Amino acid sequence: MEALQMTDTRPPFAGLNGQLPEILFGTLPTPCYILDEAALRCNGEMLAGIAARTGCKILLAQKAFSNYNLYPVLAPYLAGTEASGLYEARLGAEKMPGKEVHVFCAAYSDTEFSELLHYAKHIVFNSPGQLAKFGPVAREAGKSIGLRINPECSTQEGHAIYDPCAPGSRLGTTRTQWDANMTPELIALLDGLHFHTLCEQDADALEVTLHALGERFGDILPRMKWLNFGGGHHITRPGYDIPRLERCIRLAQQAWDVQVYLEPGEACALNAGYLATRVLDILQNGDTHIAILDASAACHMPDVLEMPYQPPLYGAETTGSSHCFRLGGPTCLAGDVIGDYSFPASLKENDLLLFGDMAIYTICKNNTFNGMPLPSIFVLREDGQLDCLRTFGYEDFKSRLGQ
């Protein structure tokens, strides 16, 4: 495991092994997702190395990647799954059996909570009010109970939508809220604390956050059994400072004598999938050359618009002037644009394009806006075989809207 401390992770298109996308995927229907089994295993091995060296436990945050057909690839390297509600908790329990199931939700409903108790081992509450309402029931059911805290330490730059420490945030209990609402009876219910403040960040941001956490909750943490660092740790990204992460984990263990959990989503499936699409039309508006694809940013890669970000594209660059095209989807949304890319040759109708890093926040977030078909899902096995996991049709669109 020690060699995995270095961040020599697979780049976005390593799974192609030098072969052209048209040769590998040219017979597949487009648009389609292709999940990369070998890349998932590489990520899992790296995460397992961190767990082995530090004694922390690492969970798969299913909100980023919930393709359960591939859970058997990741399961040997992880302690379990993290869920954001009832359905994810049930999926983790059913598809990664024998592993821990953790759940956090900003608020639980009466109708879902009793069922949730069948699946989750750790239940994290967002507020003292929710802890008071459901904590005794969870304790009676033998669950490990946690409270999400807000260290009020923003480390985000340019992504306010992902900053749980922003003023007025609805996520996590601040120290002021704790002092006003956490009675001795409520504190006695707690086994652990949870914070989640990062988004695609390095260990330096975690280090800053841990310092703030110690300042605000350092007197409480030694009374806890565990501390969950949340997600947003971009661990498997090339260049991520793994030794610094491990120092942060050991610092928390030594300072507060807690079992440390991490629940990355992106890190588990980073660069472990592709989206294949073909060019439907070429047009020009003024000086802008445009290619309309059969894949949509709004429908098939919504984080491109929500984050926002520009995904890697095989054989293309995001800067340059020769053969520059703006790539957009076929929907009626004017902003259904993936980005501007430069190509070594001009694009033409029916060209196959391959986007990378399409395993995360894609399949679990896609939609059928405009009646767009959902892309089929394939898996590229470690032996090079392509298997179809799921195809979709008109009934999948129709059934979401009525009977």
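Residues numbered from 1 in each chain as written. Predicted model: local features only at pLDDT ≥ 70, side-chain atom pairs only at ≥ 80, totals over all residues. Heavy atoms only, no water.

## Considerations on the overall build of the chain
Heads up, the rule is: Think of it this way: any DSSP run of H or I at least four residues long counts as a helix, any run of E at least two long counts as a strand, and we number them from the N terminus. Partly exposed residues are those whose accessible area sits between 20% and 50% of the maximum for their type, while under 20% is buried and over 50% is exposed, using a 1.4 Å probe and protein chains only. Note on contacts: a residue pair is in contact if any heavy atoms of the two residues lie within 4.5 Å. Every accessible area reported is derived by Shrake-Rupley at a probe size of 1.4 Å, with residue values counting cover from the shown protein chains alone. The convention is simple: Lys and Arg are positive, Asp and Glu are negative, and His and the chain ends are not counted. A charge is said to be at NZ when it belongs to Lys, at CZ for Arg, at CG for Asp and at CD for Glu.
A tally of helices and strands in the chain yields 14 helices and 16 strands. For the chain, the C-alpha atoms occupy an extent of roughly 70 × 55 × 45 Å along the three principal directions. Each of the 403 residues in the chain was classed as buried or not, and the buried ones make up 54%. Long-range contacts, defined here as pairs at least 24 residues apart, represent 69% of the contacts in the chain between residues at least 6 apart. Accessible surface computed for the chain: about 17100 Å², of which carbon and sulfur atoms make up 51%. Each charge sign in the chain was given a centre, from 30 positive and 47 negative side chains, and these centres are 6 Å apart.

## Here we look at the packing of aromatic side chains
Short version of the rule: A pair of Phe, Tyr and Trp rings is counted when the ring centres sit within 6.5 Å of each other, with Trp represented by its six-membered ring. The angle between the planes then sorts it: under 30 degrees is stacked, over 60 is edge-to-face, the rest tilted.
A complete count under the given rule lists 13 aromatic pairs for this structure. Relative to Tyr-274, the ring of Phe-13 has its centre 6.2 Å away and its plane inclined at 15°; by these criteria the two rings are stacked. In this pair, Phe-13 is assigned in the segment before α1 (21–25) and Tyr-274 in strand β10 (residues 273–285), connecting sequence segments 261 residues apart. Both residues of the pair, Phe-13 and Tyr-274, belong to the buried class. Between Tyr-108 and Phe-113, the ring centres sit 5.5 Å apart and the planes meet at 70°, which makes this aromatic pair edge-to-face. Note on Phe-113: relative accessible area 2%, which makes it buried. Members of the aromatic cluster, each reached through a chain of ring pairs, are Phe-13, Phe-25, Tyr-274 and Tyr-314.

## Section: the pattern of salt bridges
Inclusion rule: Salt bridges are counted wherever a side-chain nitrogen of Lys or Arg sits within 4 Å of a carboxyl oxygen of Asp or Glu.
Under the criterion given, the structure shown has 23 salt bridges. The closest approach of N and O atoms between Asp-387 and Arg-381, which form a salt bridge, is 2.9 Å. Through salt bridges with shared partners, one network takes in Glu-37, Arg-381 and Asp-387.

## Quick word on the packing of helix α2 (residues 37–54) against helix α10 (residues 242–256)
Two packed helices can be described by the angle between their axes and the distance between those axes. Applied cut-off: Lines fitted to C-alpha atoms define the axes, with helix axes restricted to the stretch in contact, and inter-axis angles between N-to-C directions lie between 0 and 180 degrees. When an angle is under 35 degrees it counts as roughly parallel; over 145 it counts as roughly antiparallel; between 65 and 115 it counts as roughly perpendicular; any other value is oblique. Handedness of a helix crossing follows the sense of rotation of the near helix relative to the far helix, less than a right angle counterclockwise being left-handed and clockwise being right-handed.
Interhelical geometry of α2 versus α10 gives an angle of 40° and a closest axis separation of 10 Å. Between α2 and α10, the interaxial angle falls into the category oblique. In the crossing of α2 with α10, the sense of the turn from one axis to the other is right-handed. Seen from α2, the contacting residues are Met-46, Ile-50, Arg-53 and Thr-54; seen from α10, they are Ile-242, Leu-245, Glu-246, Ile-249, Arg-250 and Gln-253.

## Digging into the nonpolar core
Rule in force here: We call a set of buried residues a nonpolar core when its members are Ala, Val, Leu, Ile, Met, Phe, Trp, Tyr or Cys and they connect through side-chain atoms within 4.5 Å of each other.
Leu-193, Leu-227, Phe-229, Leu-327 and Phe-355 are the most contacted members of the largest nonpolar core, which has 102 residues in total. The contacts of Phe-229, once residues within four sequence positions are left out, are Phe-195, His-196, Leu-206, Leu-210, Cys-248, Ile-249, Ala-252, Val-260, Tyr-261 and Leu-262. Counting 13 residues, the second-largest nonpolar core is a separate cluster that includes Leu-16, Leu-352, Leu-354 and Phe-378.

## Some words on the confidence of the model for the chain
Rule in force here: Residue-level confidence of the predictor is what pLDDT reports, using numbers from 0 through 100.
Chain-level statistics for the chain give a pLDDT mean of 95 and a share of 98% at 70 or above. Counting interchain partners and residues more than four positions distant, the pLDDT-below-50 stretch residues 1–8 has 21 contacts.

## Considering unusual backbone geometry
Between Thr-30 and the following residue, Pro-31, the backbone shows a cis peptide bond with an omega angle of -5°. Note that the residue after Met-307, namely Pro-308, is joined by a cis bond; omega there is -15°. Inspection of the secondary structure assignment puts Pro-308 in the loop between α13 (303–306) and β12 (324–328).

## Notes on helix α9 (residues 203–217)
Heads up, the rule is: To estimate how far a helix should reach, multiply one less than its number of residues by 1.5 Å.
Compared with the 21 Å implied by 1.5 Å per residue over 15 residues, the 20 Å span of α9 between its first and last C-alpha is a close match. Along α9, the residues that are buried comprise Ala-203, Ala-205, Leu-206, Thr-209, Leu-210, Ala-212, Leu-213 and Phe-217. Structurally, α9 contributes buried residues whose contacts are with α7 (175–181), β8 (226–228) and α10.

## Considering the sheet that holds strand β9 (residues 259–262)
Threshold: A pair of strands is labelled paired if DSSP reports no fewer than 2 bridges between them.
Strand order in the closed barrel made by the eight strands is β2-β3-β4-β5-β6-β7-β8-β9, with parallel pairing throughout. With direction set aside, neighbouring strand axes in the sheet form an average angle of 25°. Sheet topology note: the strand β4 (residues 100–104)/strand β5 (residues 122–125) ladder contains three bridges and is parallel. Directly across from His-102, in β5, lies its bridge partner His-122.

## Considerations on the pairing of strand β16 (residues 386–390)
Here strand β15 (residues 376–380) runs beside β16; their pairing, made up of four bridges, is antiparallel. Counted as the bridge partner of Leu-380 is Leu-386 from β16. Counting the residues in the hairpin turn of β15 and β16 gives five residues, including Gly-384, whose phi is positive at 95°.

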